[in-house]
Amino acid sequence: MKRIRNGMILPVILLLLWYIITRMQVFSPYLLPSPGMVWEALTELAASGELAKHLSISLRRVFFGFLLAACTAIPLGILCGRSRYFYTYCWFLLEFLRHVPPLAAIPLIILWAGIDEASKLTIIFLASFFPLFLNTCSGIRNCDPKLLEVGRSLGFSKTQLIRHIQLPAALEAIVTGLQLSLGYSWRALIGAELIAASAGIGYLILDAEEMSRPDIVLAGMLCIGIIGSILDWVFLHILQRLIPWYQKK
């Protein structure tokens, strides 16, 4: 509770500065709407149901894209961490793909997958795959060799070594990768919706820009930050329920 209270000090100060600046009319309301104008826009969107519609579409895209990335990145990370041949022959290609921003590939993705859900899921997958893959691979490779030697002396098979020794040792790295991937997937989705979408919170912001409604733009940005923080909190809460012995530092 004390951490939450202390963490709210800076946002409150920034909100007061925002109010003072707009009250003194330092900038035009077109450039910087007041907190009251943004709040009115937010309540109007919520009352009309438009905000809930766009958020639900964005959240559904994030869920499926992130799930697809997790189901792919964790097994490949384990394989890369355990297999010297996979690491040797595939690492350069994966490193190359990792440095290509998903948003840079949007024109090609749209050309191949169209502007429907497939293109959004592809962008989310590309953005969230590599943080999880690299953390999983690193966690597996950095497992204490002495623990592996103990497992082999006890007659563990390769599957048992992974399940009982390497995965528990890599748990913290995998969880960090999952948390990073979730954040990357949310940010990548907003970028994709700003470019090619007919619904979603990113589309809402772009539409507000074209309609010269900076209050809705700021309302959408606030929603992105708040929902992203809630997603992170929900993820950690679920994690503590599923893995009660894991404590996030």
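The structure contained in this document is the topic of the report that follows. (Residues numbered from 1 in each chain as written. Predicted model: local features only at pLDDT ≥ 70, side-chain atom pairs only at ≥ 80, totals over all residues. Heavy atoms only, no water.)

1. Details of the overall build of the protein chain
Here comes step 1: When helices and strands are counted, the protein chain shows 12 helices and 0 strands.
Here comes step 2: Each helix (α) and strand (β) of the protein chain, taken in turn from the N terminus, gives the series α-α-α-α-α-α-α-α-α-α-α-α.
Here comes step 3: Here the C-alpha coordinates of the protein chain stretch approximately 75 × 50 × 30 Å along the principal axes.
Here comes step 4: In the protein chain, which comprises 249 residues, the share counted as buried stands at 36%.
Here comes step 5: Here the contacts in the protein chain between residues at least 6 apart in sequence split such that 72% fall between residues at least 24 apart.
Here comes step 6: Accessible surface computed for the protein chain: about 15,500 Å², of which carbon and sulfur atoms make up 68%. (Helix = DSSP H or I, 4+ residues; strand = E, 2+ residues; numbered from the N terminus. Buried < 20%, exposed > 50% of the residue type's maximum accessible area, 1.4 Å probe, protein only. Contact = heavy atoms within 4.5 Å. Areas by Shrake-Rupley, 256 points an atom, 1.4 Å probe, with all protein chains shown as cover.)

2. Looking at unusual backbone geometry
Here comes step 1: The residue Ser-212 is not glycine, and still its phi comes out positive at about 55 degrees.
Here comes step 2: Accessibility expressed as a relative area gives 41% for Ser-212, which makes it partly exposed.

3. Examining the environment of Thr-22
Here comes step 1: Along the chain, Thr-22 turns up in helix α2 (residues 9-23).
Here comes step 2: Overall, Thr-22 belongs to the buried group, its relative accessible area being 14%.
Here comes step 3: Through-space distance from the C-alpha of Thr-22 to that of Ile-227 is 26 Å; in sequence the pair is 205 residues apart.
Here comes step 4: Residues in contact with Thr-22, not counting those within four places in the same chain, are Leu-32, Pro-33, Ser-34 and Pro-35.

4. What to know about the packing of helix α8 (residues 145-153) against helix α9 (residues 158-169)
Here comes step 1: Running from amino to carboxyl end, α8 crosses α9 at an angle of 145 degrees, the nearest separation of the two axes being 10 Å. Along this stretch, α8 crosses α9, giving a crossing that reads as right-handed. Residues Leu-147, Leu-148, Gly-151 and Arg-152 of α8 touch α9, and the partners they reach there are Leu-161, Ile-165 and Gln-166.
Here comes step 2: Taken together, the residues of the contact of α8 with α9 break down into 4 nonpolar, 2 polar and 1 charged. (Axes fitted to C-alpha atoms, helices over the stretch in contact; angles between N-to-C directions. Left-handed = near helix turned anticlockwise from the far one by under 90°. Nonpolar A, V, L, I, M, F, W, Y, C, P; charged D, E, K, R; others polar.)

5. A word on the nonpolar core
Side chains of nonpolar character tend, in soluble globular proteins, to be buried together.
Here comes step 1: In this structure, Leu-51, Leu-178, Trp-186 and Ile-201 are the most contacted members of the largest nonpolar core, which totals 46 residues.
Here comes step 2: Contributing elements (two or more residues each) for this core: α3 (35-48), α4 (50-82), α5 (84-98), α7 (117-141), α10 (171-195), α11 (201-210) and α12 (214-242).
Here comes step 3: Top element by residues in this core is α12. It accounts for 9 residues.
Here comes step 4: Not counting residues within four places of it along the chain, the set of residues in contact with Ile-201 comprises Leu-51, His-54, Leu-55, Ser-58, Trp-186, Ile-190, Glu-193, Gly-220, Cys-223 and Ile-224.
Here comes step 5: By size, the runner-up hydrophobic cluster in this structure holds 6 residues, among which are Ile-106, Ile-123, Ala-127 and Ala-188. (Core = buried A, V, L, I, M, F, W, Y, C linked by side-chain atoms within 4.5 Å.)

What is shown is where atoms sit, not what they do.
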